[in-house]
Amino acid sequence: KNEVEQSPQNLTAQEGEFITINCSYSVGISALHWLQQHPGGGIVSLFMLSSGKKKHGRLIATINIQEKHSSLHITASHPRDSAVYICAVNRPGGGADGLTFGKGTHLIIQP
Amino acid sequence: EAQVTQNPRYLITVTGKKLTVTCSQNMNHEYMSWYRQDPGLGLRQIYYSMNVEVTDKGDVPEGYKVSRKEKRNFPLILESPSPNQTSLYFCASSPSIGVQRGYTFGSGTRLTVV
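Residues numbered from 1 in each chain as written. Chains lettered and ligands numbered in written order. Predicted model: local features only at pLDDT ≥ 70, side-chain atom pairs only at ≥ 80, totals over all residues. Heavy atoms only, no water.

**Examining the nonpolar core**
Threshold: Nonpolar core, defined: a set of buried Ala, Val, Leu, Ile, Met, Phe, Trp, Tyr and Cys residues in which side-chain atoms within 4.5 Å join the residues together. Residue exposure (1.4 Å probe, protein chains only): buried if accessible area is under 20% of the type maximum, exposed if over 50%, otherwise partly exposed. Per the convention used, a helix needs a DSSP run of H or I reaching at least four residues, while a strand needs a run of E reaching at least two, with both numbered from the N terminus. Contacts are residue-level and defined by heavy atoms, with any inter-residue pair within 4.5 Å sufficient.
In this structure, A:Leu32 and A:Trp34 are the most contacted members of the largest nonpolar core, which totals 23 residues. The set of elements that each furnish at least two residues to this core consists of β3 (19–25), β4 (31–37), β5 (43–49), β7 (59–64), β8 (69–74), β9 (83–90) and β11 (105–110) of chain A. Setting aside its immediate chain neighbours within four residues, A:Leu32 contacts A:Cys23, A:Tyr25, A:Phe47, A:Met48, A:Leu49, A:Ile63, A:Ser70, A:Cys87, A:Ala88 and A:Val89. One finds B:Val21, B:Met32, B:Phe74 and B:Leu76 within the second-largest nonpolar core, a separate group that totals 19 residues.

This is the structure:
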């Protein structure tokens, strides 16, 4: 079983819909990251969370440490939101940064 | 502009021919790392560096070398590339491990080894 699981793997929605992508993890973490990867490959860091909720524009990220679960929400989705969204966690302690990645959620927003 | 610069963006090479992928950051970040991304496997860490002259293996270090002689540069060296190293590679940096800060990623290097 992977330490970081994302769902769904693929998601196709219509423009304007409210989108939710989920991330569950099975290890202790010091922080959780949401990343965005557009076609063409570049990765952009969207959020880093250790508790609570963060909002940036139409994007909202939440984390529940007790339940080991995080969600990424997109309000009023737009075709330019089409991308792969990747959840990653930092594991505390040890020599490595312990960045462990989920396999990503491929989101397509249709006009 | 704060950024991580990787070169080249695309590279096709032959088995056994040594190559270097460069990574440079202009943010004075202490931490740098290399990842490879493969279909179905996601991103996996190859090597990381917590500061100058401090490097360590990640999850998939076989076949790779790195060096950190200056804070800004963290090259990835493939001394004898093989086809199973065909992948999309990313370099990333972060201010420090102990500080909860986000990561800045390079634009990626798509490597094909034939």
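**Focus: the sheet that holds strand β3 (residues 19–25) of chain B**
Within a sheet, adjacent strands bond to each other through the backbone by hydrogen bonds, running parallel or antiparallel. Selection rule: Only strands joined by at least two bridges in the DSSP assignment are considered to pair.
Strand order in the open sheet formed by four strands is β1-β3-β8-β7 (chain B), and the pairing between neighbours is antiparallel. The open sheet has two edge strands with one neighbour each: β1 (4–7) and β7 (65–66) of chain B.

**Details of the sheet that holds β8(A)**
Residue and element names in this part refer to chain A. What counts is decided by this rule: Every axis in this analysis is a line fitted to C-alpha atoms, fitted for helices over the stretch in contact. Angles between the N-to-C directions lie between 0 and 180 degrees.
Here we have five strands laid out as an open sheet, ordered β1-β3-β8-β7-β6, and antiparallel in their pairing. Two strands bound the open sheet, and with one partner strand each, they are β1 (4–7) and β6 (52–56). With direction set aside, neighbouring strand axes in the sheet form an average angle of 15°. Sheet topology places β7 next to β8; six bridges connect them, and they run antiparallel. Bridged to asparagine 64 within β8 is histidine 69.

**Describing a nonpolar patch on the surface**
Let me state the cut-off plainly: Nonpolar side chains (Val, Leu, Ile, Met, Phe, Trp, Tyr) within 5 Å and like charges within 9 Å form the patches, drawn only from residues with over 30% relative accessible area and no salt bridge. We get accessible surface area from the Shrake-Rupley algorithm with a probe of 1.4 Å; when it comes to residues, only the shown protein chains can shield them. Salt bridge, as used here, is a side-chain nitrogen of Lys or Arg placed within 4 Å of a carboxyl oxygen of Asp or Glu.
Taken together, the side chains of B:Ile12, B:Val14 and B:Val114 define a hydrophobic patch exposed on the protein surface, amounting to about 310 Å² of accessible area. Relative to the elements of secondary structure, B:Val14 occurs in the loop between β2 (10–13) and β3.

**A short note on the packing of aromatic side chains**
Just so we agree on the cut-off: When the centres of two rings from Phe, Tyr and Trp lie within 6.5 Å, Trp using its six-membered ring, the rings pair. Their planes under 30 degrees apart give stacked, over 60 give edge-to-face, and anything left gives tilted.
The tally for this structure, following the rule as stated, stands at six aromatic pairs over all chains. Centre to centre, the rings of B:Tyr64 and B:Tyr89 are 5.9 Å apart; their planes meet at 65°, and the pair counts as edge-to-face. Pair noted here: B:Tyr64 is in the loop between β6 (54–57) and β7 and B:Tyr89 is in strand β9 (residues 87–94), with a separation of 25 residues, a long-range link. We classify B:Tyr64 as buried; its relative accessible area is 5%. B:Tyr89 gets classed as buried once you look at its relative accessible area, which sits at 1%. Relative to B:Phe105, the ring of B:Tyr103 lies with its centre 6.5 Å away and its plane at 40°, an arrangement referred to as tilted. Grouping aromatic residues by their ring pairs yields a cluster made of A:Phe101, B:Tyr31, B:Tyr35, B:Tyr48, B:Tyr103 and B:Phe105.

**As for unusual backbone geometry**
Omega for the bond connecting A:Ser7 with A:Pro8 falls within 30 degrees of zero, at -10°, which places this linkage in the cis form. By the element assignment, A:Pro8 lies in the loop between β1 and β2 (10–14). Of note in this structure, A:Ala76 is not a glycine but carries a positive phi near 45°. Structurally, A:Ala76 is set in the loop between β8 and β9. Owing to a relative accessible area of 45%, A:Ala76 belongs among the partly exposed residues under this scheme. Despite not being glycine, B:Glu53 has its phi angle at roughly 65°, a positive value. Within the secondary structure layout, B:Glu53 lies in the loop between β5 (42–51) and β6.

**Considerations on the environment of A:Tyr85**
Residues and elements named next belong to chain A. The condition is simple: Polar contacts here mean pairs of N or O atoms no more than 3.5 Å apart (in protein, one a potential hydrogen donor and the other a potential acceptor; neighbouring residues in sequence count only if both atoms are side-chain atoms).
Along the chain, the position of tyrosine 85 falls in strand β9. When its relative accessible area of 0% is taken as the criterion, tyrosine 85 is described as buried. Sequence spacing of tyrosine 85 and alanine 31 is 54 residues, and the spatial spacing of their C-alpha atoms is 17 Å. In this structure, tyrosine 85 is in contact with Gln6, Ile21, Leu35, Gln36, Leu46, Leu72, Ile74, Gly104, Thr105 and Leu107, ignoring residues within four places of it in sequence. Within the local environment of tyrosine 85, its side chain forms a polar contact with the side chain of glutamine 36, the two groups lying 3.1 Å apart.

By themselves, these observations are geometric and do not establish any function.
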